[in-house]
Amino acid sequence: MKVFLNPGHSPNGIPDPGAKNVETGLRECDVAKNIAGLVEKYLVAAGVNVVGNIQSDNLFYDSDYPQPCVCAEANASGADIFVSIHCNAFDCEAHGTETYAYAPGGEGEKLAGCINDQIVKSLGTLDRGVKYRPDYIVLKHTDMTAVLVETAFIDSDVDEPLLSAKQDDFARAIARGITDYENL
Ligand SMILES: [Zn+2]
C-alpha cells in the first residue's frame, strides 16, 4: 500500500500557520509537520511505502503559491491512500478527535474510522467520530481514498498539553490506524 501524507497549512507558517494557542504559542502548522514526519518514520519501519509528505499552500493548482500542488502530486504519486493532518480549534472549550472523509459508505469512511479509533484509544481524547466534508479540497480533488484527521483542539486546555507533549503518540496512532486499514 502506498501512502501520501499532507501536514496542513504553510511550510514555516508563512503566510498561514493554521490554528494557534494564544497562551502557549503552539502552532498547528508545526504540530502537523512534526507528526507527519513521525508518521512517515513509523510507516516506513512497518514496511509501508510512503510516496509523498508535502506541506504546501497550493492545494489545487493555485498559481498564487509557487509550491508543489498537493492534490496533483498525490494524484501523480500512485498513492492508494491520502492522509491530511491538522489540529482543530473552536471556542477554547471544544475538545477531542474527529476525522473527515469525503462521503459516507466508502473506503474513506473505513480509513477515517481506523485512524480516529487509534488516536482516541491511545491519547484518551474525546471521540467526536467520523464526519463528512465533500467540500474539502484535499478530499474532493484527490483520486485515491482520502481522509483529513483533526488530531485534537489546539485552543483547548484539555487537548493542548497532548498536542504539545505527545506528538509521537499521535504519530504512532495514525500509523497504526493506517496499518489497521490495510489489514481490514
Ligand atoms: Zn488545519
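Residue positions within a chain follow its written sequence, with the count starting from 1. The model is predicted, so local features are restricted to residues of pLDDT at least 70 and side-chain atom pairs to those at 80 or more, both for listing and for counting; the totals for chains, interfaces and linings are taken over all residues. The basis for the side-chain values is all heavy atoms of the structure; hydrogens and waters are excluded.

Re helix H3 (residues 107-123)
Step number 1: For helices the rule is a DSSP run of H or I covering at least 4 residues; for strands it is a run of E covering at least 2, with both sets numbered from the N terminus onward. Here the expected length of a helix is defined as 1.5 Å per residue gap, with one fewer gap than residues. Along its 17 residues, H3 runs 24 Å from first to last C-alpha, staying within 8% of the 24 Å computed at 1.5 Å per residue.
Step number 2: When accessible area is computed with a 1.4 Å probe and restricted to protein chains, residues below 20% of their type maximum are described as buried, those above 50% as exposed, and intermediate ones as partly exposed. Three or more residues of H3 are buried, namely Gly-108, Leu-111, Ala-112, Gly-113, Cys-114, Ile-115, Asn-116, Gln-118, Ile-119, Val-120 and Leu-123.
Step number 3: The secondary structure elements touched by the buried residues of H3 are strand E3 (81-88), strand E4 (97-101), strand E5 (127-132), strand E6 (145-153), helix H5 (160-165) and helix H6 (167-182).
Step number 4: Two residues or fewer past H3, Gly-124 is found with a positive phi of approximately 75°. Contacts are residue-level and defined by heavy atoms, with any inter-residue pair within 4.5 Å sufficient.

Details of the coordination of the zinc ion
Step number 1: Only nitrogen, oxygen and sulfur atoms count as donors, using a 2.8 Å cut-off from the metal that widens to 3.2 Å for Na, K and Ca. Water is left out, so coordination shells may look unfilled. For the zinc ion, the full set of protein donor atoms is His-9 (NE2), Glu-28 (OE) and His-86 (ND1), and the range of their distances to it is 2.0 to 2.1 Å.
Step number 2: Sequence spacing of the donors to the zinc ion: H-x18-E-x57-H. In this pair, Glu-28 sits in helix H1 (residues 28-45) while His-86 sits in strand E3, placing the two residues 58 residues apart along the sequence.

Quick notes on unusual backbone geometry
Step number 1: Here the residue pair Ile-14 and Pro-15 is connected by a cis peptide bond, since its omega of 5° sits within 30 degrees of zero.
Step number 2: With respect to the helices, strands and loops of the structure, Pro-15 is situated in the loop between strand E1 (2-7) and H1.
Step number 3: Backbone geometry at His-9 places phi at a positive 75°, although glycine is not the residue there.
Step number 4: Relative to the elements of secondary structure, His-9 occurs in the loop between E1 and H1.
Step number 5: What makes His-9 partly exposed here is its relative accessible area of 21%.
Step number 6: Look at Cys-92: it is not a glycine, yet its phi comes out positive at around 70°.

Distances and angles like these do not, on their own, reveal function.
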